[in-house]
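Here's the letter readout for the chains.
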Amino acid sequence: MKRDDTALLAQDIELLDAYSRTVIQTLERTRGGVVSLRMHARRGPRAVEGAGSGFLITPDGYLLTNHHVADAGDPIVVTLDDGSERVAQKVGGDVDTDLALLRIGSASALPHLALGESRSLRVGQVVIAIGNPQGLAQTVTTGVVSALDRSLRARSGRLIEGVIQTDASLNPGNSGGPLLDTRAQVVGVNTAIIAGAQSLCFSVPADTARWVVSELLRHGHVRRAWLGVKAQTVPLPRRTAVHHGLELASAVSVDEVLADGPAEHAGVKAGDRIVRVDGLPTQDVDTLNRVLGGERIGRSVCVELLRGTHKLALSLVPAART
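Keep in mind it's a predicted model, so treat the numbers as computed, not measured.

Trainee: Report on the overall build of the chain, specifying residues and quantitative values.
Mentor: Helix and strand counts for the chain come out as six helices and 21 strands. In terms of overall size, the chain behaves like a compact globule, its C-alpha atoms giving a radius of gyration of 22 Å where 322 residues would be expected to give roughly 20 Å. Over its C-alpha atoms, taken along the principal directions, the chain stretches across nearly 70 × 60 × 40 Å. Taking contacts inside the chain between residues at least 6 apart in sequence as the whole, the part at least 24 apart equals 59%. Entry remark: accessible area of the chain is about 15700 Å², with carbon and sulfur atoms responsible for 51%.

So, in structure tokens, the structure goes:
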């Protein structure tokens, strides 16, 4: 073997070792907070058992999983990393984001995971998934972020916006488990795979999960204001942003204004790009949904938008979304 080839091989080994060390260190810091879920239900005359994943987010036993996992049966038996089992109570769920909040009792503080900021993710970034696929607890897979800002249709029929696509392998039973970055922070909640596809796996962003948890803890359900538009995230040309004094790289483009909705009453038109609501930047659909919390239902809000080359400010009264 030539000297150059030997040097390249040594470099490859060193890179592999560094990658392996990073994954191992992340797992050592997080696996104690990852749990397996087992649900019991009846389908006619026969009893069936389901499985899923979840992860603790507080030391006093609050944990996140998927709504479709928590809704699969009762009771929900949670198995911790040490093998002990607890029965979970349902705090609340949100079918539109496929997230649910549960709680288990504990006499002592439990290991838990930190919710990171998914908005800082980049395509190509290394991510790690831990879960309970096919009942095989604490299974680890790794991959990269394949794409950001995907849309995924929830079982309610509504779209979950801002979804993370990854090639970290997921299988039935992974649902509700954490997607981690190499700093051991949760950047997503694993929620779906596409049957028959290779390495097409999806996670609900941690930023969305944090907002849903806050709503469930405060109100027992997720409250949402409704504008009456169909929209998507689009890039905002730098020249346009500078011209209008905006520090945004993207905006929310209105594809359709629904008849007799708040947006139509306020004069919003298809093609408008929403950039702020009550002074808060709306760089993507996910942010717009979070800004439109229940506290804005029924009261006037200021919607700033771009229509062609002009910037407009409209007064709009969101309705409660049904």
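Following the structure, the description resumes.
Trainee: A description of helix α3 (residues 206-219) should follow, citing residues and the corresponding values.
Mentor: Helix length check: α3 (14 residues) gives 20 Å between terminal C-alpha atoms against 20 Å at 1.5 Å per residue, within 8%. Those residues of α3 not exposed but buried are A206, D207, T208, A209, W211, V212, V213, E215 and L216.

Trainee: Report on the nonpolar core, specifying residues and quantitative values.
Mentor: F55, I57 and L64 are the most contacted members of the largest nonpolar core, which has 27 residues in total. Here this core takes five residues from α3, the largest share from any one element. Ignoring sequence-local partners within four residues, the contact set of L64 consists of G54, F55, I57, A100, L115, G176, V189, A209 and V213. A225, V229, V268 and L288 belong to the second-largest nonpolar core, a separate cluster that totals 19 residues.

Trainee: So what's going on with the environment of E247? Which residues, and what values?
Mentor: With respect to the helices and strands, E247 occurs in the loop between α4 (238-243) and β16 (250-257). Relative accessible area serves as the criterion here: at 81%, E247 is assigned to the exposed category. Separated by 138 residues in the primary sequence, E247 and A109 have C-alpha atoms spaced 42 Å apart.

Trainee: Explain the pattern of salt bridges residue by residue, including any values.
Mentor: Side-chain pairs of opposite charge can arise where the charged atoms are in close proximity. According to the stated counting rule, one finds 18 salt bridges in the structure shown. A salt bridge links D278 to R296; its shortest N-O distance comes to 3.1 Å. Of this pair, D278 sits in the loop between β17 (273-277) and β18 (280-281) while R296 sits in the loop between α6 (285-291) and β19 (301-307), placing them 18 residues apart in sequence. Given the relative accessible area of 28%, D278 is considered partly exposed. A salt bridge links E295 to R296, with the shortest nitrogen-to-oxygen separation between them at 3.4 Å. Residues joined by salt bridges that share partners form a network here, namely E215, R223, D278, E295, R296 and R299.

Trainee: Before we move on, could you go through unusual backbone geometry and cite the residues and values that matter?
Mentor: Cis peptide bonds are those with omega within 30 degrees of zero, and the linkage from D74 to P75 qualifies with 5°. Phi at D149 is positive, roughly 60°, even though this residue is not glycine. Counting through the fold element by element, D149 comes out in strand β9 (residues 139-153).

Trainee: Got a sec to walk through the pairing of strand β4 (residues 76-79)? Specific residues and values, please.
Mentor: Sheet topology places β4 next to strand β5 (residues 85-94); four bridges connect them, and they run antiparallel. The residue bridging T79 from the neighbouring strand is E85, located in β5. Count of turn residues in the β4/β5 antiparallel hairpin: five residues, of which G83 carries a positive phi of about 95°.

Trainee: Would you mind going over the environment of A206 in detail, with residue names and values included?
Mentor: Following the sequence through the fold, A206 ends up in helix α3. Along the backbone, A206 and G228 are 22 residues apart, and their C-alpha atoms lie at a distance of 26 Å. Other than its neighbours up to four places away in sequence, A206 contacts L115, G116, S118, V186, V187 and G188.

Trainee: Give me the lowdown on the side chain of S250, citing residues and values where you can.
Mentor: Of note, S250 is situated in strand β16. Separated by 2.5 Å, the side chain of S250 and the backbone oxygen of Q283 make a polar contact. The contacts of S250, once residues within four sequence positions are left out, are T233, V234, P235, L236, T282 and Q283.

Definitions and limits used
Residues numbered from 1 in each chain as written. Predicted model: local features only at pLDDT ≥ 70, side-chain atom pairs only at ≥ 80, totals over all residues. Heavy atoms only, no water. Helix = DSSP H or I, 4+ residues; strand = E, 2+ residues; numbered from the N terminus. Rg over C-alpha atoms; globule rule 2.2 N^0.38 Å. Contact = heavy atoms within 4.5 Å. Areas by Shrake-Rupley, 256 points an atom, 1.4 Å probe, with all protein chains shown as cover. Expected span 1.5 Å × (residues − 1). Buried < 20%, exposed > 50% of the residue type's maximum accessible area, 1.4 Å probe, protein only. Core = buried A, V, L, I, M, F, W, Y, C linked by side-chain atoms within 4.5 Å. Salt bridge = Lys/Arg side-chain N within 4 Å of Asp/Glu carboxyl O. Pairing = 2+ DSSP bridges. Polar contact = N/O pair within 3.5 Å; in protein donor to acceptor, adjacent residues only side chain to side chain.

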